[in-house]
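Results of the structural survey
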Amino acid sequence: MPDLPLETSNIIFELRNVTHQFGSLAAVRDVTLQIRAGERVALVGPSGAGKSTLISLLNGTLSPSQGEVWVLGQHLARLSPRGLRHVQRQIGTIYQQFHLVNNLRVIHNVNAGHLGRWTFLKGVISLAWPLDVDTAAKALAQVGIPEKIYERTDRLSGGQQQRVAIARVLVQQPQAILADEPVSSLDPERSREIMSLLRDLSQTTGKTLVVSLHDIDLARSHCDRIVGLREGQVVFDRPADEVNETFIRALYKITA
Ligand SMILES: Nc1ncnc2c1ncn2[C@@H]1O[C@H](COP(=O)(O)OP(=O)(O)OP(=O)(O)O)[C@@H](O)[C@H]1O
Ligand SMILES: [Mg+2]
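What counts and what doesn't
- Residues numbered from 1 in each chain as written.
- Chains lettered and ligands numbered in written order.
- Predicted model: local features only at pLDDT ≥ 70, side-chain atom pairs only at ≥ 80, totals over all residues.
- Domains from an automatic or database assignment.
- Contact = placed C-beta atoms within 7 Å.
- Helix = DSSP H or I, 4+ residues; strand = E, 2+ residues; numbered from the N terminus.
- Nonpolar A, V, L, I, M, F, W, Y, C, P; charged D, E, K, R; others polar.
- Pairing = 2+ DSSP bridges.
- Axes fitted to C-alpha atoms, helices over the stretch in contact; angles between N-to-C directions.
- Near = placed C-beta within 6 Å.
- Parallel < 35°, antiparallel > 145°, perpendicular 65-115°, else oblique.
- Left-handed = near helix turned anticlockwise from the far one by under 90°.

Some words on the domain arrangement of the chain
Along its sequence, the chain is organised into domain 1 (1–90 + 174–256) and domain 2 (102–173). The C-alpha centroid of domain 2 is placed 26 Å from the C-alpha centroid of domain 1. Tallying the contact residues gives twelve residues for domain 1 and ten residues for domain 2. Broken down by secondary-structure element, the contributors of at least two residues to the side of domain 1 that touches domain 2 are helix 2 (81–89) and helix 7 (188–205). Taken together, the residues of the side of domain 1 that touches domain 2 break down into seven nonpolar, one polar and four charged.

In structure tokens, the structure reads:
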């Protein structure tokens, strides 16, 4: 049988020799990385290692000082503003602090996931008169809080608010989900629940998941691949089940 052609089209994210400088500080240094469709990748490493910077490069919020960022086959630096927005709509991002509008009802925060596609007018009308209740209800059911749809967002617990943020990303229907420390504000039990939810959503929908985590055990139990970062560089990049204490101690420079 002839060799199968190399499958390259399923690369969702690719960094080619990417450096990102904040003034004289290189937060990300010469990083080369490929992430394929459906992979669940954890970014781990000490504070200041460059995890958040890397996530911002992957969703095009930051542009690299050197090197190339490719997302869904597009070189971001070569795209028009419209082309960049089009790619960015395919990438949903979740943050540690949820980034929700607290004094709005849950449905409005979930519907914000449509804003990249809806016209400005439709978005404004939706604030007074929620449009597309069905999609929001379905997303809230998927994240396990269907009964909260008309609740004010700031009356929800932290774990429930992170579920709202995930429902908003589901409504956006992205190809990939980026999550920057999505569980750092939550207690251990809620952290496991949210990580299981993200893993299950990624598994059932085939969406790529890239998540920065401080908890190595969660990274090992919920992701397939772990990238260890330190001082802006990749220290290791391995299947999760191969990342043992030796890797972790070296990453955090634990000598005792
Ligand atoms: N907007 C900024 N301006 C200047 N320096 C920045 C900026 N954002 C990050 N840095 C610096 O870049 C480096 C990497 O920061 P980054 O936030 O990516 O690290 P991190 O791995 O996400 O850390 P943490 O685990 O604390 O969230 C740090 O030294 C940080 O101080
Ligand atoms: Mg960070």
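Now that the structure has been shown, the text picks up again.
Structural notes on the sheet that holds strand 4 (residues 66–71)
Read from one edge of the open sheet, four strands run 2-1-4-5, paired in antiparallel fashion. Since the sheet does not close on itself, it has two edges, and those belong to strand 2 (25–36) and strand 5 (74–75), each with one partner. One ladder, built from eight bridges, connects strand 1 (residues 11–22) with strand 2; its direction is antiparallel. If you follow Ile11 over to strand 2, its bridge partner there is Arg36. Helix 1 (residues 51–58) rests against strand 1, strand 2 and strand 4 of the sheet, and its axis sits at about 125 degrees to strand 1.

Quick notes on the site of ligand 1
In the vicinity of ligand 1, the contacting residues are Phe22, Leu25, Ala27, Gly45, Ser47, Gly48, Ala49, Gly50, Lys51, Ser52 and Thr53. Per element, the largest residue contribution to the shell around ligand 1 is three residues, and it comes from helix 1. Taken together, the residues of the shell around ligand 1 break down into four nonpolar, six polar and one charged.

Some points on the packing of helix 6 (residues 158–172) against helix 7
In contact at an axis separation of 10 Å, helix 6 and helix 7 are set at 15 degrees when each is read in the N-to-C sense. With respect to their mutual orientation, helix 6 and helix 7 come out roughly parallel. For the crossing formed where helix 6 meets helix 7, the hand is right-handed. Across the interface between the two elements, Gly158, Gly159, Gln162 and Ile166 from helix 6 touch Arg190, Glu193, Ile194, Leu197 and Leu198 from helix 7. Here the residues of the contact of helix 6 with helix 7 sort into four nonpolar, three polar and two charged.

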